Amino acid sequence: MQPTTTAPPPSAPGLPARWRHALKPASWPKLLVPTVLGQGLGLAVAPAWSWGAAAFGVAFTLALGVFIVLLNDWADVRVDRLKREMFPTGCSPKTIPDGLLPARLVLAAGLVGGLVAVGLAFGLATPLDRPWLGAFGLACVATFVAYSLPPLALNYRGGGELLEMLGVGVLLPWLQAYAISGMPWSPQWAWLAGHAWLALASAVASGLSDEQSDRAGGKRTFTTMLGNGVARAGVRTCLSLGALSWAVAAVLGVGPAPWVGLLAAVALSLHLPALRRLGAAAVTNAFAAQGVYKQALHQACWLATLTLTVGVVAAARLGP
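Residues numbered from 1 in each chain as written. Predicted model: local features only at pLDDT ≥ 70, side-chain atom pairs only at ≥ 80, totals over all residues. Heavy atoms only, no water.

## A look at helix 12 (residues 228-251)
This is how the line gets drawn: Secondary structure elements are taken from DSSP: a helix is a run of H or I of four residues or more, a strand is a run of E of two residues or more, and numbering for both begins at the N terminus. Any helix carries an expected span of 1.5 Å times its number of residues minus one. Every residue pair with non-hydrogen atoms within 4.5 Å of one another is taken to be in contact.
Taking 1.5 Å of rise per residue, 24 residues should cover 34 Å, and helix 12 covers 35 Å from first to last C-alpha, within 8% of that figure. Contact partners of the buried residues in helix 12: helix 9 (192-206), helix 10 (211-216), helix 11 (222-226), helix 13 (259-269), helix 14 (272-280) and helix 15 (287-318). G253 sits one or two residues past helix 12 and shows a positive phi near 85°.

What follows is the structure in structure tokens.
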């Protein structure tokens, strides 16, 4: 099947537009939704809401997002060039290969984002009375260093999706929950198990559109190692395990009201038939169909996660 996505523009846009493209604002809910989840879990157990902690959490996520997005572009420049060569008119503009921004500037801006995130975590640990905040922040950043950068660069060696599961699915919302509540652990954090499966589903799906260029570049992802069909089946399995995890947590009595996990599990499960239909068209190099599939997948995950968040907060704050 021939790719059908839009080719890069013939002339480079202005500098603000190039930075906007490089920072990929459409992808930011992948970090912002876990931030909301974590802050909601923290609010459910916190004695009071902390605007300072909430502001830190948002600022940390924004700095971390700059770090992740730009470092991924810098680390992936070789396979991005391969994809442009393989599909000259079939993939979205590539920040470095298409000359939107120079590689050194992308690397420098990404590193600044990471340093700001770590600096915020360590610098505000004492004012916010959160002694473990620096360690949490460093763990988040270190996870994505291992993902993109040498010597590990696990996004190339295999295991990148599992690191994204850990970083986006667990560590980022856990940091947010700790920042709001001041509690390193609470039984409410068990809800993160279901969210971690959703993060893995998203990570696996992200590799679908780069299957052939990643394979040509020697990049080991679930899709390049197992194939498109197995990867899509893995996405469905992860979503089912996410819904099951929330349902089990509800049955086991996590939180003040079991209906919270059941409601989130149902909200996710209702999307599974449509995702199965859309996924059937997201075969190798069907870039347009893959884009529709991934958008529907993300919307399902985000809606279910926000449903869980609202339910947890409502049950804790409005219940008897």
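## A look at the packing of helix 5 (residues 103-123) against helix 6 (residues 133-148)
Spelled out, the test is: Here an axis means a line fitted to C-alpha atoms, over the contact stretch when the element is a helix, while the angle between two N-to-C directions is reported on a 0 to 180 degree scale. By the definition adopted for this analysis, an angle is roughly parallel if under 35 degrees, roughly antiparallel if over 145, roughly perpendicular if from 65 to 115, and oblique otherwise. Crossing handedness: left-handed means the near helix sits turned counterclockwise from the far one by under a right angle, and right-handed means the same turn made clockwise.
Two elements in contact, helix 5 and helix 6, have axes separated by 7 Å at closest approach and are oriented at 160°. With respect to each other, helix 5 and helix 6 are oriented roughly antiparallel. The crossing of helix 5 and helix 6 is right-handed. Contact with helix 5, carried on its side by G114, A117, V118, A121 and F122, involves L133, G134, A135, G137, L138 and V141 of helix 6 and no other residues of that element.

## Let's talk about a nonpolar patch on the surface
Threshold: To count toward a patch, a residue needs a relative accessible area above 30% and no salt bridge. Like charges then connect within 9 Å, nonpolar side chains (Val, Leu, Ile, Met, Phe, Trp, Tyr) within 5 Å. Shrake-Rupley sampling with a 1.4 Å probe provides the accessible areas, and residues are treated as covered by the protein chains on show and by no other component. Each salt bridge in this description consists of a side-chain nitrogen of Lys or Arg and a carboxyl oxygen of Asp or Glu lying within 4 Å of one another.
Together, L32, V58 and L62 line one region of the surface with nonpolar side chains, adding up to about 220 Å² of accessible area. Inspection of the secondary structure puts V58 in helix 3 (residues 51-75).

## A word on the nonpolar core
Going by this rule: Residues belong to one nonpolar core when they are buried, are Ala, Val, Leu, Ile, Met, Phe, Trp, Tyr or Cys, and are joined through side-chain atoms within 4.5 Å. Between buried and exposed lies partly exposed: a residue is buried under 20% and exposed over 50% of the maximum accessible area for its type, with that area taken using a 1.4 Å probe on protein chains only.
Among the nonpolar cores identified, the biggest contains 42 residues, and L41, W191, V235, L239, W246 and L308 are the most heavily contacted of them. Elements represented by at least two residues in this core include exactly helix 2 (29-45), helix 8 (160-181), helix 9, helix 12, helix 13 and helix 15. With near-sequence residues (within four places) excluded, W246 lies in contact with W191, G194, H195, L198, G261, A264, A265, L268, A304, T305 and L308. One finds C140, F144, L172 and I180 within the second-largest nonpolar core, a separate group that totals 33 residues.

## Brief notes about unusual backbone geometry
Cis peptide bonds are those with omega within 30 degrees of zero, and the linkage from P150 to P151 qualifies with 5°. In this structure, P151 sits in the loop between helix 6 and helix 7 (154-157). Even without being glycine, A153 reaches a positive phi, approximately 45°. With respect to the helices and strands, A153 occurs in the loop between helix 6 and helix 7. Residue N285 is not a glycine yet carries a positive backbone phi of 70°. Position of N285 relative to the elements: it lies in the loop between helix 14 and helix 15. For N285, a relative accessible area of 14% corresponds to the buried category.

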